[in-house]
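# Coordinate analysis (summary)
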Amino acid sequence: MTTAMTWMSGKLRIIQGDITTLEVDAIVNAANHSLMGGGGVDGAIHRAAGGELKTACQDLRQKQWPEGLPDGEVAMTPGFNLPARYVIHTVGPVYAKTIDKSELLANCYRKSLALAAQQGLHTIAFPAISTGVYGYPFDQASEIVLKVMAEKLPHGDLTATLCFFSQQDMDAFRQVASRMGYQR
Ligand code: AR6
């Protein structure tokens, strides 16, 4: 894992690594509507958390989201075998060139932060939601993330980590932040 970099008075940090190894209050899962697991970071989180996570997700589906978790919504479970205490599951939008889905992606971040704050948590880590299988252009997604963090982090008690799976993504994010004028 490379050294972390921070913005926003240390409240936003970025690292390169595997989100399933992070000892934070909550990690965010880039899930799908079914909440039943999948590939990418979703698959990694389910594997690392163990089978109890799927049972907890089935329970959420039955009791709260019988039609599936909509885009931009969030739902929380324990972290089970993960070092993180909780998993906040969210569904990023599938990218479409002709439809502006930026608010849906922003909502994944906004609502995760709000839920974490509401639960009294202090540390939360996000993967790069929607930028894998769901095809959201990485730079556009990064701009959205930075705007939400700049809007929300100053007002609360939360420290957010953006966990990038590749060094290339981490470098690209850093460039977007500098282009947008964020000072480290
Ligand atoms: N730690 C951190 N980041 C990771 C990890 C990991 N262990 N594994 C992958 N990534 P994706 P999406 C990065 O495709 O685009 C699933 O099948 C990855 O490199 O996981 O929101 C779900 O079930 C990329 O940068 O999520 C949905 O069906 C980022 O995580 C669908 O994929 C997101 O890539 C969701 O697609």
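The structure presented is a predicted model; accordingly, all values stated were derived computationally and were not measured.

### Thoughts on the confidence of the model for the protein chain
Here the protein chain averages 97 in pLDDT, and 98% of its residues register 70 or above. As a predicted assembly, this complex carries a pTM of 0.98 together with an ipTM value of 0.99.

### Brief notes about the pairing of strand β5 (residues 86-91)
β5 sits mainly inside the fold: five of its six residues count as buried. In the sheet, strand β3 (residues 26-31) pairs with β5 via six bridges, with the strands oriented parallel. Directly across from Ile27, in β5, lies its bridge partner Val87. Where strand β4 (residues 74-78) and β5 come together, five bridges link them in antiparallel fashion.

### Here's the deal with the pattern of salt bridges
By the definition in use, this model includes eight salt bridges. Lys63 serves as the salt-bridge partner of Asp59, at 3.2 Å between the closest nitrogen and oxygen. Pair noted here: Asp59 and Lys63 are both in helix α2 (residues 51-63), with a separation of four residues, about one helical turn. Shared partners join several salt bridges into a network, and the residues in it are Glu103, Arg110, Glu151 and Lys152.

### What to know about the nonpolar core
Judged by nonpolar contacts, the single largest core of 38 residues is most densely connected at Leu12, Ile88, Tyr109, Ile124, Phe126, Met149 and Leu162. Not counting chain neighbours up to four residues away, the residues in contact with Ile124 comprise Ala26, Val28, Ile88, Ser112, Leu113, Ala116, Leu158, Thr159, Ala160 and Thr161.

### Some remarks on the packing of aromatic side chains
Scanning the model with the defined rule gives five aromatic pairs in all. Here Trp7 and Phe173 contribute two aromatic rings whose centre-to-centre distance is 5.8 Å and whose plane-to-plane angle is 80°, an arrangement assigned as edge-to-face. On the criterion of sequence distance, the pair formed by Trp7 in strand β1 (residues 5-7) and Phe173 in helix α5 (residues 167-179) is long-range, its members being 166 residues apart. Note on accessibility: Trp7 and Phe173 belong to one class, buried.

### Structural notes on the pairing of β3
Judged by how many residues are buried, β3 sits mostly within the fold: five of six residues are covered. Two strands pair when backbone bridges link them, and β3 and strand β6 (residues 123-126) are joined in this way by two bridges, in the parallel orientation. Bridging across to β6, Ala26 finds its partner in Ile124.

### Focus: empty space enclosed by the protein
Counted according to the given criterion, the structure contains one cavity of 30 Å³ or more. Taken as a whole, the largest cavity encloses approximately 70 Å³ of empty space. Taken together, the elements giving at least two residues each to the lining of the largest cavity come down to α4 (138-152) and β7 (159-164). In terms of residues, the lining of the largest cavity owes the most to one element, α4, which gives four residues. For the lining of the largest cavity, the class distribution of residues is 12 nonpolar, two polar and no charged.

### Re the environment of Ile45
Structurally, Ile45 is set in helix α1 (residues 40-49). For the pair Ile45 and Ala31, spaced 14 residues apart in sequence, the C-alpha to C-alpha distance is 9.7 Å.

### A closer look at the packing of α4 against α5
Contact pair α4 / α5: the axes reach a minimum separation of 9 Å and the direction vectors enclose 60°. In terms of axis orientation, α4 runs oblique to α5. Considering only the axes of α4 and α5, their crossing is right-handed. Here Phe138, Asp139, Ser142, Glu143 and Leu146 of α4 lie close against α5, whose contacting residues are Asp169, Ala172, Phe173, Val176, Ala177 and Arg179.

What counts, and where the lines are drawn
Residues numbered from 1 in each chain as written. Predicted model: local features only at pLDDT ≥ 70, side-chain atom pairs only at ≥ 80, totals over all residues. Heavy atoms only, no water. pLDDT = per-residue confidence, 0-100. Buried < 20%, exposed > 50% of the residue type's maximum accessible area, 1.4 Å probe, protein only. Helix = DSSP H or I, 4+ residues; strand = E, 2+ residues; numbered from the N terminus. Pairing = 2+ DSSP bridges. Salt bridge = Lys/Arg side-chain N within 4 Å of Asp/Glu carboxyl O. Core = buried A, V, L, I, M, F, W, Y, C linked by side-chain atoms within 4.5 Å. Contact = heavy atoms within 4.5 Å. Phe/Tyr/Trp six-rings, centres within 6.5 Å; stacked < 30°, edge-to-face > 60°. 1 Å grid on protein atoms, 1.4 Å probe; cavity = no way out; pocket = protein on both sides within 12 Å on 5 of 7 lines; lining within 4 Å. Points joined across faces, edges and corners; volume = space filled by probe spheres on them. Nonpolar A, V, L, I, M, F, W, Y, C, P; charged D, E, K, R; others polar. Axes fitted to C-alpha atoms, helices over the stretch in contact; angles between N-to-C directions. Parallel < 35°, antiparallel > 145°, perpendicular 65-115°, else oblique. Left-handed = near helix turned anticlockwise from the far one by under 90°.

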